[in-house]
Amino acid sequence: MKNKFILVAALAIGFASCEPEFENEVNAAYTSGEADFTSYVAVGNSLTAGYMDGTVCRVGQTYSYPNLLAQQFALVGGGAFTQPSFAEDINNLGGFAGSAGSTRLVIDAAQGRPEPIAGTSTITLTPQAKAYNNMGVPGAKSFHLGIAGYGALNPYFARHATTPTATVLGDAMTKNPTFFTNWIGSNDVLAYATAGGAQADGVTPAADHNATGNLNPATYGFNDITNSGVFNNVYTNIINTLTINGAKGVVCTIPSVTSIPYFTTVPYAALSPTALGGAANITALNTQLYGPLDAVFTALGEPDRVNPLSATAANPILINDADATDRSAQITGALTPTLGAATAAAFGAVFGKARQATAADLVVLPASSVIGSTNSAAPAGINKNGVTFPMANKWVLTATEKAKVAAATAAYNNSIVAIAATKNLAVADMNAVMNKLITGLQIETNSIYTANYFSGSGTEGQVLFSLDGVHPNARGYAVIANEIIKTINAKYKSNLPLHNPTYFPGISILPTN
């Protein structure tokens, strides 16, 4: 990954102030319009909680979009807004005490790479037994909001659940909301996507319950895709509950995974001739592995499944595709005369579902540290991940898996829009906003932001994502808050001011870590 730009970027923007400079000008024209912000409640997942750089930390939480909204609501009569306490995070490290490597990600300028900030988390799981206005719970899926005792399954909710049997939605309703935001549903499909379509073992395919027809979420694996009918029913219940006393609000659509850096940073053709050791090594790889595999696949009618490596251009990584036709037996049979039965059988087992990645596949961000590394579990001689040993299922979201994600996302968003319409609620189309980041999103200050995550110091300050590649940074949350404010102003005839995202910090860069 190209991170050496960071040394330059550190001089340009790395040491920005930790606190945004809010515009506090009193403007008599500000008005709540048809909305009542007396008791604002936000429900959702990590995006609502203010999660960034791989965790929730004390300072990072202050940039949550609900907190930024509440600051503007306060200008027109909005009441107090509370968030789960992270006061014990005295060094702003995030994570949970006793969880190795769970502190927030920073850029170590001396090393030129992202890594967990040095130090030990001081955040404990001591119960706070208190409902808050921000009920965003990292890791929550749509159907989790109504599960009694969900705190036993989620340490974030366990910290503030009012009782051992509390539900997220039930605790939210104790705040008697007069206005709400609801951004739930991303994890119903994102967990599948970030896992490369694999179960927790990283190999076995996770289930798409739109295909299985399973309507019982109690039986779902965490990485499974929620059935769209289940999502529709659960989302209907959430909205019916939030509006039961007449509250108005904003619902947010679910972004497409193709718009976030977690899936767009690592190229599918990540093997340069230099990385492969030069022309001599490439010739040897083609003679001993790629050529024989290409011959077998071509003979079976799949001529482009594996092609010889190029000595002059970047080459695609070798991956294991769970949906590919299993050619183990044919590879074993074809190679037995030259390699012997035992070695040929080993090749068949390893490469039976292998293929080279294509531009239609998405390589996940953590794969950047795995490509080219030695796989200790692989047979000797064919143990280089992505080169001579196929990358495991979890490292790549294939075109087939991507289509499942896209279909589920579209179905969920159709439900969100339709259900909102039944209650005459505002809809913030965050899917459309995030998709604009691919080509460039221009905001009111004329600044242009993109999802071009590691493109160099010239554009680093324009990226709205934190270092985990999924969640926004502080600047990104300010843009999200503004999009919701614009939606509120349009729908409820309010006149709320926008934040200036340029006042907010981007990624955290330290001289050393």
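Just so it is clear, the model here is predicted, and its values are computed rather than measured.

## Focus on the overall build of the chain
Item 1. When helices and strands are tallied, the chain shows 17 helices and 14 strands.
Item 2. Split into buried and exposed, the 513 residues of the chain put 54% on the buried side.
Item 3. Within the chain, contacts between residues separated by at least 24 positions form 76% of all contacts whose residues are at least 6 apart in sequence.
Item 4. With the model as given, the accessible surface of the chain reaches about 20000 Å², and the carbon-plus-sulfur share is 56%.

## Here we look at the sheet that holds strand S11 (residues 426-428)
Item 1. On the basis of which strands lie adjacent, the open sheet formed by five strands has the order S4-S1-S5-S6-S11 and parallel pairing. Either end of the sheet is taken by a strand with one partner, and the two such strands are strand S4 (134-136) and S11. Each neighbouring strand pair of the sheet contributes to a mean axis angle of 15 degrees, computed without reference to strand direction.
Item 2. Bridge analysis of strand S1 (residues 40-44) against strand S5 (residues 179-183) gives five bridges, and the strand direction is parallel. Within S5, the position partnered with Gly44 by the bridge is Trp183.

## Here's the deal with the side chain of Asp108
Item 1. Structurally, the position occupied by Asp108 is in strand S2 (residues 105-108).
Item 2. We classify Asp108 as buried; its relative accessible area is 4%.
Item 3. A distance of 3.0 Å separates the side chain of Asp108 from the backbone nitrogen of Ala110, its partner in a polar contact.
Item 4. Sequence-distant contacts of Asp108, that is, excluding residues within four places in its chain, are made with Arg113, Glu115, Leu510, Pro511, Thr512 and Asn513.

## Notes on the sheet that holds strand S14 (residues 509-510)
Item 1. One open sheet accounts for three strands, arranged S3-S2-S14; its pairing is mixed. Two strands bound the open sheet, and with one partner strand each, they are strand S3 (113-116) and S14.
Item 2. Bridge count between S2 and S3: four bridges; the pairing is antiparallel. Each residue of the ladder has a partner; that of Asp108, found in S3, is Arg113.

## Digging into the packing of aromatic side chains
Item 1. Taken as a whole, this structure holds 16 aromatic pairs when the rule is applied.
Item 2. In this structure an aromatic cluster arises from ring pairing among Phe37, Tyr40, Phe73, Phe81, Phe179 and Tyr492.
Item 3. Taking the ring centre of Phe222 as reference, the NZ or CZ of Lys141 above it sits at 4.7 Å.
Item 4. Across the ring face of Phe86, the terminal group of Arg159 is positioned such that the distance to the ring centre comes to 4.4 Å.

## Some remarks on the pairing of strand S6 (residues 248-252)
Where a strand is regular, its side chains alternate between the two sheet faces.
Item 1. Of all five residues in S6, four are buried; the element is thus mostly enclosed.
Item 2. Alignment of S5 against S6, held across four bridges, turns out to be parallel. Considered in S6, the bridge of Thr181 is made with Val250.
Item 3. Both S6 and S11 contribute to a ladder of three bridges, which runs parallel. Paired with Val250 across the bridge in S11 is Ala426.

## Looking at the environment of Cys252
Item 1. For Cys252, the position within the fold is in strand S6.
Item 2. According to the relative accessible area criterion, Cys252 is buried, its value standing at 0%.
Item 3. If we ignore the near neighbours within four places in the chain, the residues touching Cys252 are Asn182, Trp183, Ile416, Ala428, Met430 and Ile484.

## Side note on the packing of helix H7 (residues 187-194) against helix H14 (residues 399-422)
Item 1. Following both chains from N to C, one finds H7 and H14 inclined at 170 degrees, their axes separated by 10 Å at the closest point. Classified by the angle their axes make, H7 and H14 are roughly antiparallel. Counted together, Asp188, Val189, Tyr192 and Ala193 of H7 and Glu401, Lys404, Val405, Ala408, Thr409 and Tyr412 of H14 form the full contact between these two elements.
Item 2. Split into classes, the residues belonging to the contact of H7 with H14 amount to six nonpolar, one polar and three charged.

## Some points on helix H12 (residues 328-339)
Item 1. Those residues of H12 that sit buried are Ser328, Ile331 and Leu335. Around the axis of H12, the buried residues are gathered within 65 degrees of arc, so they sit on the same side. Exposed and oriented more than 90 degrees from the buried face of H12 are Ala329 and Pro337.
Item 2. One or two steps after H12, the chain reaches Gly340, where phi turns positive at roughly 90 degrees.

## Let's talk about the pairing of S2
Item 1. Judged by which residues are buried, S2 turns out to be covered on both faces: Leu105 and Ile107 on one side and Val106 and Asp108 on the other are all buried.
Item 2. What sits between S2 and S3 in their antiparallel hairpin is a turn of four residues, with Gly112 showing a positive phi close to 70 degrees.
Item 3. With two bridges joining them, S2 and S14 adopt parallel strand pairing. The residue bridging Ile107 from the neighbouring strand is Ile509, located in S14.

## Points about H7
Residues separated by three or four positions in an α-helix point in the same direction, a consequence of the helix having 3.6 residues per turn.
Item 1. Of all eight residues that make up H7, seven are buried, and the element is covered over most of its length.
Item 2. Where H7 is concerned, the buried positions are Asn187, Asp188, Val189, Leu190, Ala191, Tyr192 and Ala193.
Item 3. Against helix H9 (228-242), helix H10 (261-264), strand S10 (396-397) and H14 lie the buried residues of H7.
Item 4. Looking one or two places after H7, you find Gly196, whose phi comes out positive at around 65 degrees.

## Regarding the confidence of the model for the chain
Item 1. On average, residues of the chain score 89 in pLDDT, and 89% of them are at 70 or above.
Item 2. Low pLDDT, under 50, characterises residues 1-24; the stretch is placed with 50 contacts to residues that sit more than four places away or in other chains.

Definitions and cut-offs
- Residues numbered from 1 in each chain as written.
- Predicted model: local features only at pLDDT ≥ 70, side-chain atom pairs only at ≥ 80, totals over all residues.
- Heavy atoms only, no water.
- Helix = DSSP H or I, 4+ residues; strand = E, 2+ residues; numbered from the N terminus.
- Buried < 20%, exposed > 50% of the residue type's maximum accessible area, 1.4 Å probe, protein only.
- Contact = heavy atoms within 4.5 Å.
- Areas by Shrake-Rupley, 256 points an atom, 1.4 Å probe, with all protein chains shown as cover.
- Pairing = 2+ DSSP bridges.
- Axes fitted to C-alpha atoms, helices over the stretch in contact; angles between N-to-C directions.
- Polar contact = N/O pair within 3.5 Å; in protein donor to acceptor, adjacent residues only side chain to side chain.
- Phe/Tyr/Trp six-rings, centres within 6.5 Å; stacked < 30°, edge-to-face > 60°.
- Lys NZ or Arg CZ within 6 Å of the ring centre and 35° of its normal.
- Parallel < 35°, antiparallel > 145°, perpendicular 65-115°, else oblique.
- Nonpolar A, V, L, I, M, F, W, Y, C, P; charged D, E, K, R; others polar.
- Arc of directions from axis to C-beta.
- pLDDT = per-residue confidence, 0-100.

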